[in-house]
Amino acid sequence: MATQTDKIIVDGGKLGGLIRSFDWASTSLGAISSWPQSLVTSVNIVLESSVPMVMLWGKDGVMLYNDAYSKFAGARHPKLLGSKVLKGWPEVADFNRNVMKVVLSGKTLSYKDQELTLYRNNIPEQVWMNLNYSPIIDESGKPVGVLAIVVETTQRIIAQRNKRTAERELKNERSRLHSLLMDAPACIALVRGPEHVFELANPRYLELLGNRAIIGKTVREAIPEFEGQGVYENLDEVYKTGKPFYGNEVPVQFDRTGKGDIYTGYFNFVYQPTYDADKKVDGIYAYGLDVTEQVESRKKVEEIAILNKTITDNTATGLLIIDKNHRCNFMNPAAERITGYSFADISAIDAPLHDLIHNKKPDGSPFPVSDCPIHHAILQQDQTSGEDRFVRKDGTFYPVAYSTRRIVQDGMTVGTVMEIRDLTEEKHAIEEQRRLIKLTNQRNELLLLNKAKDEFISLASHQLRTPATAVKQYISLVMNEYMGPISDDQLQYLQTAYNSNERQLRIINDLLKTAQIDSSRYVLSKKKMGPAKLVECAIDDMESVLEIKKQTVQFDNEAGDTQVKVDENEMCLVFTNLLENASKYSYPGSEIRIRLYKTAKYVHISVKDKGVGIEKKSIKRIFEKFTRIDNELSDTVTGTGLGLYWVKRIVKLHEGAIEVISEPGKGSEFIVSLPHA
Amino acid sequence: MRKLPCVLVIEDERLLQDVYKLVLLANGYEVHTASNGEEGLMAIKKAQPEVVLLDIFMPVMDGKEFLKNIDTADYPDTTFIVFSNLSDRATETEMRGLGADKFVLKSSMDPQGLVQMVQAALSEKQ
């Protein structure tokens, strides 16, 4: 059976039930059955609303609310139902007192995003709410309660706040990044698009380029001096592939002042691609660190190190560094050369340096390290020096000049630098120099002597020739019948005398020629010519002799128009000499063959006779001075023994060669080979 | 009337001077003799010879000095034959440099050779 209460209170969800079952009689409202219509109506409105609503009834503000409000009230529900508002929400009592006062006077109140601190769940909670308060008017027209619509906006506010904080942080971050960019000690620029248009460049970057205007320009327009340095190409590559490019200590040339002076700097840099929303490369961050100073100072250090190494590697002085334990921890190549030890040898042996290079006394007896004054001095005295005999790795001694200088660091002796010079070499050098001076003097003396000899020979032959010339003239005068007719017998005797005189002249000539060719001052006057002319000249010279002996010459020129570079007079005499020998050592009526032919490098002239030939044992000696060979014609042949010696010398002076092929009884062949002109 | 071709013999060795003179005279030359360079300088002016036979080693003034003391260009019609028993190339080069036209080894010439040499010199000048 429905009660009155059931009738007047709508269902109202959970709160509807709670309100109906609440003991209102113990409150100022009294039992529901006694509620005025205005109260019942208001309760129904509240219960039927889906927005959080609360009603504060009477001057005590007794609270009645709906399900939505109960959620808002948190742990305060359900105690809150039927309680007085000031007691129900003690933490905001002041606020509610004011609400009660104002609204019960018939006015409305409205708050948007009102901030309050509530203890809904026994902990302070900052909440925001939109609050609308309006008076409930009773049947008599007087305000009897307050109807409140409570919409909590905390979540929105917090979201808004968070958003603002995030925005502020973002802004701060941006500004931090910007100042980072602008104040960075690195050069930073952002280029966009495939043409790399400058969108941004930090002051450092601009300063480096003489503060020229680059923004909005392509890299190629803005920094034309990069042409040929690979910069454009690297940017193109990064843009194309999306792969960052890293450069380390890359030399870059650019105009730093804007006046055309090209400066070279060294940079570590990164080209980092940037991407658009579609993840496509749309630009490149160029980040460069000027490391010029570091690179240059390092280069200087390296240069000095190289210089030091060059000096120590190339000095003739041996340098050793000895540590405080007397172990050698450095040797230059000169020290290795002098001691005979490689640094590897010395490092492998754990012994004081003395035991390696100074371990024997000059008499060969052992030299204990404890007795060595040098060993003791080098780490105790700032400097020592002297001369001594050290021992090479192979055990041999060498005289040495040494000097040492102690290395002190922070007041502590850490080792010694030792310089050694092998005096053997110096002594050798001095001896060598003395020898050289002596040789030079001897040579000069010899040159003077040689000159004197040449002059003597020249004069002597002149003096010897003069009386023989007179003899020749006077005998000829008679022979030629300037003094009247002579008999055949007389002519024959005179001819013998004439021939003997001629032989004397010939000997003088040969001696003189030999002396001249042995002299260092002998000079040829060479010219290019056909070798056939030399042969023809010799045949002409020998014509009368050949005629007397009824000998014939067969000349075959198989060399065509090849040329040689020779002294014509001397070389003609060479062939005259050879032809004369061929004639002398052949029997009357025999044939002599001269053949001219060529090979790749040489022209060969062969003079071949069918004469007595030369014994094998004699062949070796025929080009020596004063050699006369015994054979069956020797007695009838006159000669000085100088002809072939002179021939060979002349041929040699022409970078040529002469050889002889001979068989006793069959004949000889002399072959002169001369280089092609 | 055509003058006989004239030869000046500058030769200190009397034996040789005599024989040259004898042979050349016998072969139809006018012959002047001088015993050293100094005499030669006087004789060449007087005789204006077609051929000069000039020895090198001579007392007072030798053949080199003789050539140094005259300008052979002043004697365009004269052939200067250095006729000596010195045969080294350095001397030949030096004498040619001083204006000698020919350099002949004295010991290589018998009287006939001498006459042929003088004749050749004359015909070359013509």
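Here the structure is a predicted model, which means the values were calculated and not measured.

Thresholds applied
Residues numbered from 1 in each chain as written. Chains lettered and ligands numbered in written order. Predicted model: local features only at pLDDT ≥ 70, side-chain atom pairs only at ≥ 80, totals over all residues. Pairing = 2+ DSSP bridges. Helix = DSSP H or I, 4+ residues; strand = E, 2+ residues; numbered from the N terminus. Axes fitted to C-alpha atoms, helices over the stretch in contact; angles between N-to-C directions. Buried ≥ 20, exposed ≤ 12 C-beta atoms within 10 Å, placed from the backbone.

A. Structural view of the pairing of strand β10 (residues 281-290) of chain A. Residues and elements named next belong to chain A. Pairing of strand β6 (residues 187-192) with β10, which is carried by six bridges, proceeds in the antiparallel orientation. Its bridge partner lying in β10, Cys187 is registered against Gly288. Alignment of strand β9 (residues 262-275) against β10, held across nine bridges, turns out to be antiparallel. Across the sheet, residue Thr274 finds its bridge partner in β10, namely Gly283. Turn length for the β9-β10 hairpin, with the two strands adjacent in sequence and antiparallel, is five residues, and the turn residue Lys279 shows positive phi of about 65°.

B. Representation of the sheet that holds strand β13 (residues 383-391) of chain A within the structure. Residues and elements named next belong to chain A. In spatial order, the strands read β12-β11-β15-β14-β13; together these five strands make up an open sheet with antiparallel pairing. Looking at which strands have only one partner, the edges of the open sheet turn out to be β12 (328-331) and β13. With strand direction ignored, the average angle separating the axes of adjacent strands in the sheet is 25°. In this structure, strand β11 (residues 318-323) lies alongside β12, joined through three bridges in antiparallel fashion. Bridged to Ile321 within β12 is Phe330.

C. Here's a closer look at the environment of B:Pro76. Residue and element names in this part refer to chain B. Along the polypeptide, Pro76 turns up in the loop between α3 (63-69) and β4 (79-84). Given 7 C-beta atoms within a 10 Å radius, Pro76 is considered exposed. Taking C-alpha positions, Pro76 is 9.3 Å from Glu50, a pair spaced 26 residues apart along the chain.

D. Quick look at the pairing of strand β19 (residues 591-598) of chain A. Residues and elements named next belong to chain A. Inspection of the sheet shows strand β17 (residues 552-557) paired to β19 by six bridges, in the parallel sense. In the strand pairing of β19, Asn557 is matched with Leu596. Judged from the six bridges that link them, β19 and strand β20 (residues 602-608) form a sheet pairing that is antiparallel. Note that in β20 the partner of Lys598 across the bridge is Val603. Between β19 and β20, which pair antiparallel one after the other, the connecting turn spans three residues.

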